[in-house]
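So the chains spell out like this:
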Amino acid sequence: MAGSSLIDMEIDTSADSQLQFQEFPASNVPGPVAELDVRSSHTLTFNHSPDTPGSDTEGPESELLRDGPQKPSPSFWTFEFYQKLFDVDTQTVVDRILWSMIPRPGHSYLQHHIRPKPDLYGPFWICTTLIFAIAISGNLANYLQTAGKDFHWKYNFRVVTYAASAVYSYAWITPMVLWAYLRWCGGQEARLGFLEMMCVYGYSLSIYIPVSILWLIEVDWLQWLILGVGAALSGSVLLMTAWPAVQKTHRLPVLAAVLGLHLLLAAGFMLCFFHAPHTSLTTTTTPQPAAVVSVSVSSTSAAAQPQPQH
Amino acid sequence: MACGDGRHVRSAYEDLGASQTGNITIPNAPTSQEERLDTLDEPIFDTFWRDVKAVGIKFFHVLYPKNKEILLKDWDLWGPLLLCTFMALILRGSSDNIMENDGGPELAQVFLIVWIGSIFVTLNSKLLGGNTSFFQNVCVLGYCLLPTTLALIICRVILIYSQNTILFLLRLLVTINGFIVASYGASTILGNGHPSERKALVLYPIFLFYFVISWLVISHTS
C-alpha cells in the first residue's frame, strides 16, 4: 500500500476473531423463526390515556394529542409554550374567577372550567393583585387604627415584600407539593396535571382580594367571620378538585392539609396586617422573625441616642 | 477603487494593468466623506441636544397625545430611566427611624417595581398576542410615568405645608388625576393590537401597574 510508511499498524492476529463479522447461517435454525413481515402495512395504535401507569404526559398535552391534529407540543424553552398558556379570553377568566368562589357540589370546577386549557394569566395576575390589595389595605387599616391619635404615621412598604413572599410561595409550592404527592402516592382515577393544579390554586386565591378589602372594617368578630366564609368557599372548591384524585385511605389528612394551609394563609395575613394591636402603638404587630429582630436591634440602638422628632 | 466623492484610490489590481473606477452612491446618505463623519466630530452639545430633543418630544406627546405613534416609532429608554430614577430618589423612605413604621420603599425597590413591572406587563401583552415589540412596550409604559411623576412633584410641593384633611384630599385628587392620565395614555397606545375579547386582559395589568405607582406617590408623606 502506498504511503503506509506513515502509519505503523500492528494487527493483533490473536484478536482477529473479535473483529470478524459474525455470520448467521440462513436456514440452520431449527423450529419456527420469527420474522417481521414489513411488506404488509401495520397500524400501530397506542393507548394514550392518562390513566395508564407509567404514562407521564400531563393532562392538557394528552388531551391535545387525543383530539386535535397531531402537532408536537412546543418545548418548554420556547415562547410558544407560554403563549399556549395565555390563550384565554376575558370571559373565560371572569368565569374561572367567579366559579372558584362558588362551590357547586356536583359540578367539578376543574372539569368544566379549567380542563381543556389551563392558563397562567389568571394565577399570576391574581397573586400580584392580591399582594398589592393586602399591602394597600393593610397600610390603610394601620392608618385607620392610629388615626386621631398623636402618632405620626408612616406607611410600611415592607408589607409588600412579606405579602409577596407569602403569596408567591403559597401559589407555587403548595400545588407543586400536592401534585408530587398525588402523582406518586395518589390514586389512579383522576390524574391532575401540574399546570391544572397551579391554575386551580391561583384562581382560588381570588376570593381573598375582596376579603382583604372587607378586612378594613375594624370589628374583630367580623374579620374572623369574613375570613371563615372566604376560606370555606374557595377551600371547598379546592377540596372538590382534589377529592377524586386522592386515594381513600389518605383522603382525610391530605384534604385537611389542603384546607388547613388555605386557612392558614388567610389567617396569617389577617393577624399580621389587619388585626388591631392591643399593645403599644410603636411596635408593629407582625410576628415575622425579621421584624422582631429589627425591632430588638433598633431598640438597643435607639435607646442609646435620642429619637429625632418629625 | 473609488470612494463616493470620486476620489480615486489605487487598488492592488492596478499593478496588473487593469484599472477600476466607479462611484458608490447610497441613497439618502450624506454625499461627502466629511458629512458622514460629522456625528463623530460634532460637538458634544449637539449630540446631547439631539437626544434631549427626542426625549422632550416624546414627553410632550405623552401629555398632549396628538401623534401617539411617535412613541412607538423611535422608541428609546432614556425617558423611562430619567423618570424612574427621579421618582425613586424622592420616594425612598428614610431609614433613620426604625422603631416606627419602616417608611417607604428603598431606592432599589422602586426601580424593581417600575422595571420588573414594565417587563411583566409587556410579557403579558406579548403572550396574549400583541404585535408591538418588547422595547416599544417598555418605552411607552416608561414614558407614561410622566403624569405620575408630575403628580409626585406637586404632592411634594403640597407637603411643604403642614398637613390637614383638605391638603390630603388635594394630594389624593392630584394623584388620581396622574393615575388616570397615565393609564389612559398607555392603554390607548398599547391596547390597539389585540382583539376585543382580550382587550380587558391586556389593559388590566397596565392599570394595576400605574395604580401601584400612584399608591406609592400618595403614600409618600415625609
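Residues numbered from 1 in each chain as written. Chains lettered and ligands numbered in written order. Predicted model: local features only at pLDDT ≥ 70, side-chain atom pairs only at ≥ 80, totals over all residues. Heavy atoms only, no water.

**Q** Pulling in residues and values, what's your account of the overall build of chain A?
**A** Counting its regular elements, chain A contains 12 helices and zero strands. Moving toward the C terminus, one meets the helices and strands of chain A in the order α-α-α-α-α-α-α-α-α-α-α-α. For chain A, the proportion of its 310 residues judged to be buried stands at 38%. Pairs at least 24 residues apart make up 73% of the contacts formed inside chain A by residues separated by at least 6 positions. Carbon and sulfur atoms make up 65% of the accessible area of chain A, which totals about 18,800 Å². (Helix = DSSP H or I, 4+ residues; strand = E, 2+ residues; numbered from the N terminus. Buried < 20%, exposed > 50% of the residue type's maximum accessible area, 1.4 Å probe, protein only. Contact = heavy atoms within 4.5 Å. Areas by Shrake-Rupley, 256 points an atom, 1.4 Å probe, with all protein chains shown as cover.)

**Q** Describe the confidence of the model for chain A, with residues and values.
**A** All names here are of chain A. When the pLDDT values of chain A are averaged, the result is 71; 60% of them are 70 or greater. Scored below 50 in pLDDT, residues 40-68 shows 30 contacts in the model against residues more than four places distant or in partner chains. Every residue in residues 278-310 scores below 50 in pLDDT, and together they form 32 contacts with partners more than four places removed in sequence or on other chains. (pLDDT = per-residue confidence, 0-100.)

**Q** Kindly report on the packing of aromatic side chains, identifying the contributing residues and their values.
**A** Evaluated as defined, the whole model comprises 15 aromatic pairs over all chains. Aromatic side chains F124 of chain A and W125 of chain A sit 4.9 Å apart centroid to centroid with 75° between the ring planes, which places their arrangement in the edge-to-face category. The partly exposed category is assigned to F124 of chain A, whose relative accessible area is 23%. You can call W125 of chain A buried: its relative accessible area is 6%. Their ring planes at 10° and their centres at 5.3 Å tell us that W75 of chain B and F135 of chain B sit as a pair that is stacked. (Phe/Tyr/Trp six-rings, centres within 6.5 Å; stacked < 30°, edge-to-face > 60°.)

**Q** Run through the side chain of Q136 of chain B, naming residues and quoting values.
**A** Residues and elements named next belong to chain B. Here Q136 is to be found in helix 7 (residues 134-143). The exposure class of Q136 is buried, given its relative accessible area of 17%. With near-sequence residues (within four places) excluded, Q136 lies in contact with L72 and W75.

**Q** Could you give an account of the state of the cysteines, with specific residues and numbers?
**A** Residues and elements named next belong to chain A. By the definition in use, this model includes zero disulfides over all chains. Note on C199: no disulfide assigned, nearest cysteine sulfur contributed by C127 at a separation of 11 Å. Classification of C199 by relative accessible area gives buried; the value is 0%. (Disulfide = S-S within 2.5 Å.)

**Q** How would you summarise the packing of helix 6 (residues 121-146) of chain A against helix 6 (residues 107-127) of chain B if you had to cite specific residues and measurements?
**A** Across the interface, helix 6 of chain A lies against helix 6 of chain B with an axial gap of 12 Å and an inter-helix angle of 155°. When the axes of helix 6 of chain A and helix 6 of chain B are compared, the pair comes out roughly antiparallel. Like other packed secondary-structure pairs, helix 6 of chain A and helix 6 of chain B cross with a definite hand, here left-handed. Here helix 6 of chain A contributes Y121, F124 and W125 of chain A to the contact with helix 6 of chain B, which in turn contributes F120, V121 and N124 of chain B. Among the residues making up the contact of helix 6 of chain A with helix 6 of chain B, the classes are represented as five nonpolar, one polar and no charged. (Axes fitted to C-alpha atoms, helices over the stretch in contact; angles between N-to-C directions. Parallel < 35°, antiparallel > 145°, perpendicular 65-115°, else oblique. Left-handed = near helix turned anticlockwise from the far one by under 90°. Nonpolar A, V, L, I, M, F, W, Y, C, P; charged D, E, K, R; others polar.)

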